[in-house]
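Overview (structure and organization)
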Amino acid sequence: MAQTPLVERRHDGGYIVYEPQDGMLTRHEGVLVSGAGKCEAGLVLGKVAHALTATVSAQGTNSGGNGTFGAIAVGAGAVAGVYVMTFADATHYTVENPAGEQIGHGVAGAAFNAGGLGFTFTAGGTPQVAGDTKLLTVAPGSGKFVAYD
């Protein structure tokens, strides 16, 4: 016999609440991102930890290679700070996150997507040389809260 599913609407106390007796709090005050809309009781929030854009600069000791970047996408997994792109030759490179951990390898002209960063680096008329570096800086987020997605 088929059973009709029970659909319950949100109501006060209709979500898990935990208030431990050891002094640890499971709630605190925060500021919502502008335009966040109405927040109902029980809404799960996430903190904006990084901006959704990054800027690029070259190290002063570079050879002067003039490759270019398309739009840099910053998404889940990215952290605020400076990512270092180091060239092995004119078209091959590695990328390290702000903690100095390698997150991936790339080739000029092909899309790179790792560690929350996505971009395409295109070699220019003046090639990069082994050891050249580019710095990709992801700005810190607002620290405000949005509905968790």
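To keep things clear, this report deals only with the structure shown in the data block. All figures in this text were calculated on a predicted structure; none of them were measured in a lab.

We now examine the packing of aromatic side chains. Think of a pair of aromatic rings as described by two things: how far the centres are apart, and how the planes are tilted against each other in angle. Using the criterion set out here, one finds eight aromatic pairs in the structure. Seen in terms of ring centroids, Tyr93 and Phe121 are 6.3 Å apart; in terms of plane orientation they differ by 75 degrees. Their pairing is edge-to-face. Here the residue Tyr93 occupies a position in strand β6 (residues 92-96), and Phe121 occupies one in strand β9 (residues 117-122), the gap between them amounting to 28 residues. For Tyr93, a relative accessible area of 2% translates into the label buried. Residue class for Phe121 comes out buried when judged on its relative accessible area of 0%. Of the aromatic side chains, those joined through ring pairs into one cluster are Phe69, Phe87, Tyr93, Phe112, Phe119 and Phe121.

Time to look at the nonpolar core. The biggest cluster of nonpolar side chains holds 17 residues, and the ones touching the most others in it are Met85, Tyr93 and Phe119. Mapped by element, the contributors of at least two residues to this core are β5 (81-87), β6, β8 (111-114), β9 and β10 (133-140).

The subject of this paragraph is the sheet that holds strand β2 (residues 50-58). Ordered by their spatial adjacency, five strands build an open sheet running β2-β10-β5-β6-β7, and the pairing between neighbours is antiparallel. At either end of the open sheet lies a strand with only one pairing partner, and these are β2 and β7 (102-107). Between one strand and the next, the sheet's axes are offset by a mean angle of 20 degrees, whatever the strand orientation. As defined by bridge partners, β5 adjoins β6 across four bridges and the pair is classed as antiparallel. Note that in β6 the partner of Val84 across the bridge is Glu96.

Rules of the game
Residues numbered from 1 in each chain as written. Predicted model: local features only at pLDDT ≥ 70, side-chain atom pairs only at ≥ 80, totals over all residues. Heavy atoms only, no water. Phe/Tyr/Trp six-rings, centres within 6.5 Å; stacked < 30°, edge-to-face > 60°. Helix = DSSP H or I, 4+ residues; strand = E, 2+ residues; numbered from the N terminus. Buried < 20%, exposed > 50% of the residue type's maximum accessible area, 1.4 Å probe, protein only. Core = buried A, V, L, I, M, F, W, Y, C linked by side-chain atoms within 4.5 Å. Pairing = 2+ DSSP bridges. Axes fitted to C-alpha atoms, helices over the stretch in contact; angles between N-to-C directions.

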